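Structural overview
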Amino acid sequence: MKKSQGQQAASRKPKWTVAEKAEMNDFLRELEHQARTAPTLAQRSKAMARGMAGRQAQQDRDGRAILERIPDSPPVDPFSLEMYLDSLVKKLNQSAGFVKSDPRNRGVKTASVMIRLNPNGSLRSFEILNMADQQDEVAFIKSVVERAVPFAAFPPDLRKSAYSVGMLICIMPPGASGGFGFNRMAEGQGC
């Protein structure tokens with residue numbers, strides 16, 4: 001019985017040249033080296049967890065609070081965080097009534113500062129993110145924050161989960177902010 005062309009082609013072994021064999025062996029050695037030097041599953045998991053912790057710390061950077069989370073801590077109750085932030089805004093507004101401000105020196109561009117608080121309510125940092133043309137308003141905000149310190153200590157659930165809480169303060173040009181004073185921005189709204 002005669003073999004078909006497909007069966008004849010399948011029964012023939014491919015002929016490899018010396019160069020092709022060397023190239024294939026180099027390729028296989030490279031794969032073996034990559035497999036030996038690749039991070040283990042545990043190492044990749046740890047790296048992923050570190051990345052997630054970093055993203056959690058930056059999770060609410062869109063004009064809302066920024067939590068610096070304690071690793072492996074329980075999640076923060078959103079209601080508790082909202083209530084704490086509302087109390088911060090209220091205290092800032094109360095303190096603003098005692099600090100002198102000249103409305104004639106306001107700029108026309110949006111500026112922003114970041115305040116970060118320790119669990120005991122003390123000020124961890126005051127960082128100017130964007131001065132724009134609002135030098136006098138930034139100085140006013142800094143005076144208000146310094147007057148308001150210390151803020152209330154973190155509530156117990158927040159204290160268990162966060163090293164610090166940051167709050168982005170946007171300094172809006174006249175007419176863009178909807179009035180005088182500190183207020184919370186709508187969700188998803190940044191500076």
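From a predicted model like this one, the values you see are computed outputs, not experimental measurements.

Conventions adopted
Residues numbered from 1 in each chain as written. Predicted model: local features only at pLDDT ≥ 70, side-chain atom pairs only at ≥ 80, totals over all residues. Heavy atoms only, no water. Helix = DSSP H or I, 4+ residues; strand = E, 2+ residues; numbered from the N terminus. Buried < 20%, exposed > 50% of the residue type's maximum accessible area, 1.4 Å probe, protein only. Contact = heavy atoms within 4.5 Å. Areas by Shrake-Rupley, 256 points an atom, 1.4 Å probe, with all protein chains shown as cover. Expected span 1.5 Å × (residues − 1). Arc of directions from axis to C-beta.

Further remarks concern the overall build of the protein chain. In terms of helices and strands, the protein chain carries 6 helices and 4 strands. Ordered by position from N to C terminus, the α and β elements of the protein chain give α-α-α-β-α-β-β-α-α-β. When the 191 residues of the protein chain are sorted by exposure, 29% land in the buried category. Taking the contacts inside the protein chain whose residues are at least 6 apart along the sequence as the reference set, 75% of them involve residues at least 24 apart. Here the protein chain has roughly 12,900 Å² of accessible surface; of this, 55% comes from carbon and sulfur atoms.

On to helix H5 (residues 135-148), then. Compared with an ideal rise of 1.5 Å per residue, which puts 14 residues at 20 Å, H5 spans 20 Å between its outermost C-alpha atoms and is within 8% of the ideal. The complete set of buried residues in H5 reads Glu137, Val138, Phe140, Ile141, Val144, Val145 and Ala148. Relative to the axis of H5, the buried residues are bounded by an arc of 160 degrees and lie together on one face. Buried residues in H5 make contact with helix H4 (78-96), strand S2 (111-117), strand S3 (123-130) and strand S4 (162-171).

Excluding glycine, most residues fall at negative phi; most peptide bonds, likewise, are trans. For the peptide bond that leads from Val149 to Pro150, omega is 0 degrees, which places it in the cis range. With respect to the helices and strands, Pro150 occurs in the loop between H5 and helix H6 (156-161). Positive phi, normally seen in glycine, also occurs at Ala132, with a value near 50 degrees. Position of Ala132 among the secondary structure elements: in the loop between S3 and H5. A relative accessible area of 29% means that Ala132 is categorised as partly exposed.

Read these as geometric descriptors, not functional statements.
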